[in-house]
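# Working through the structure, step by step
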Amino acid sequence: MPKNPLNPYYQNTDPVTNSHGYNSLGTNYVDYGLGSNPNPAPDGTRFYNTVPGDIPEFRGLFKTPSMRDSDKRPSPSFVKAYMHNGVFKSLEEVVHFYNKRNIAVNASGQEMAFDLRKGPPAGYTPVFPPPEVLDNVQNVEGVPPSKATKRTESNGQVGNLQLTPEQEQDLVNFIIILNDRLTKPNPVSP
């Protein structure tokens, strides 16, 4: 995920006002996800040795919740925050990110896929900011699903899905119906 510049944690740098949860690094803080978890796994696996992020295989990994109730909110006007850092505010943004993460556009609107490790070609601007942590990024190369093979790292499942805007909206509509809205039980006769 890209860094969320609006995350208040980046501005919470004063140890006097919040001695138990201040951020001494400010905007230089990197969220390594599981790679900064100080608690060992049940099998004893440590996620970092001495400093968060020092074991590459755990950097940037996050537990993914179910898609059920993704759009559940107390009222239709309530703005949700999606992803681990709240960077996206709608399901439309989430689906668009999964579809276009590895896409850049030029001044005439032409799109081109690019490898996140190398950046977009000259004259192209990425649709989304780069991931906060590049380690363990699925499909870092931006290979579309039609070109993904078992022999490459890229599974084509994120970043360059080549979906149309209508297909993106169809996915959003599908996710919205994945809910636990319960119907009232049938009344029991005496």
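Structure first, text after, so check above.
Keep in mind the model is a prediction, meaning the values are calculated, not measured.

Quick notes on the rules
- Residues numbered from 1 in each chain as written.
- Predicted model: local features only at pLDDT ≥ 70, side-chain atom pairs only at ≥ 80, totals over all residues.
- Heavy atoms only, no water.
- Helix = DSSP H or I, 4+ residues; strand = E, 2+ residues; numbered from the N terminus.
- Buried < 20%, exposed > 50% of the residue type's maximum accessible area, 1.4 Å probe, protein only.
- Contact = heavy atoms within 4.5 Å.
- Areas by Shrake-Rupley, 256 points an atom, 1.4 Å probe, with all protein chains shown as cover.
- Lys, Arg positive; Asp, Glu negative; His and termini not counted.
- Charge placed at Lys NZ, Arg CZ, Asp CG, Glu CD.
- Polar contact = N/O pair within 3.5 Å; in protein donor to acceptor, adjacent residues only side chain to side chain.
- Core = buried A, V, L, I, M, F, W, Y, C linked by side-chain atoms within 4.5 Å.
- Salt bridge = Lys/Arg side-chain N within 4 Å of Asp/Glu carboxyl O.
- Axes fitted to C-alpha atoms, helices over the stretch in contact; angles between N-to-C directions.
- Parallel < 35°, antiparallel > 145°, perpendicular 65-115°, else oblique.
- Left-handed = near helix turned anticlockwise from the far one by under 90°.
- Pairing = 2+ DSSP bridges.

For the rest of this paragraph, the subject is the overall build of the protein. Across its full length, the protein carries two helices and three strands. Taken from N to C terminus, the helices and strands of the protein fall in the order α-β-β-β-α. Overall size of the protein, expressed as C-alpha extent along the three principal axes, is 70 × 50 × 35 Å. Within the span of the protein, comprising 190 residues, buried residues form 29% of the whole. Contacts in the protein between residues far apart in sequence, at least 24 positions, make up 46% of those at least 6 positions apart. By element, 56% of the accessible surface of the protein is carried by carbon and sulfur atoms, the whole surface being about 12,800 Å². Separation between the mean location of the 18 positive side-chain charges and that of the 19 negative ones in the protein comes to 4 Å.

Here we come to the side chain of E132. Locating E132 in the fold gives a position in the loop between strand 3 (125–126) and helix 2 (165–177). A distance of 2.9 Å separates a polar side-chain atom of E132 from the backbone nitrogen of D31. Apart from residues lying up to four places away in sequence, E132 is in contact with M1, P2, K3, Y10, Y29, V30, D31, H84 and N85.

What follows is about the side chain of D115. Relative to the elements of secondary structure, D115 occurs in the loop between strand 2 (111–113) and strand 3. Residue classification places D115 among the buried positions, given a relative accessible area of 12%. A polar contact of 2.8 Å, which involves the side chain of D115, links it to the backbone nitrogen of R117. Setting aside residues no more than four positions away along its own chain, D115 makes contact with V140 and E141.

A word on the nonpolar core. With 10 residues, the main nonpolar core is built from Y82, V87, F88, L91, V94, V95, F97, F128, V172 and I175. Ranked by residue count, the leading element in this core is helix 1 (residues 91–100), at four residues. Those residues in contact with L91 that lie beyond four places of it in its chain are S70, D71, Y82, V172, I175 and I176. Of all hydrophobic cores here, the second largest spans six residues; its members include A104, F114, L116 and V137.

This part takes up the pattern of salt bridges. Enumeration according to the criterion identifies five salt bridges in this entry. Residue D135 pairs with R59 through a salt bridge whose shortest N-O separation is 2.6 Å. In this pair, D135 is assigned in the loop between strand 3 and helix 2 and R59 in the segment before helix 1, connecting sequence segments 76 residues apart. Judged by relative accessible area, which is 28%, D135 ranks as partly exposed. The residue D115 makes a salt bridge to R117 at a minimum N-O spacing of 2.8 Å.

This next bit is on the packing of helix 1 against helix 2. Closest axis-to-axis distance for the helix 1/helix 2 pair is 9 Å, and the angle between their directions is 130°. It follows from the interaxial angle that helix 1 and helix 2 lie oblique. Here helix 1 runs over helix 2; the crossing is right-handed. Between helix 1 and helix 2, the contacting residues are L91, E92, V95, H96, N99 and K100 on the first element and E168, Q169, L171, V172, I175 and I176 on the second.

It is worth spelling out the sheet that holds strand 2 at this point. Pairing is antiparallel in the open sheet, where three strands are placed in the order 2-1-3. Across the chains shown, the open sheet's two edge strands, defined by having one partner strand only, are strand 2 and strand 3. Two strands pair when backbone bridges link them, and strand 1 (residues 103–105) and strand 2 are joined in this way by three bridges, in the antiparallel orientation. Of the residues in strand 2, the one forming a bridge with V105 is E111.

Here the focus is unusual backbone geometry. Of note, N136 is a non-glycine position whose phi angle comes to about 65°, a positive value. Mapped onto the secondary structure, N136 falls in the loop between strand 3 and helix 2. According to the relative accessible area criterion, N136 is partly exposed, its value standing at 38%. Unusually for a residue other than glycine, N139 sits at a positive phi of about 55°. One can find N139 in the loop between strand 3 and helix 2.

Purely spatial values, then, with no claim about function.
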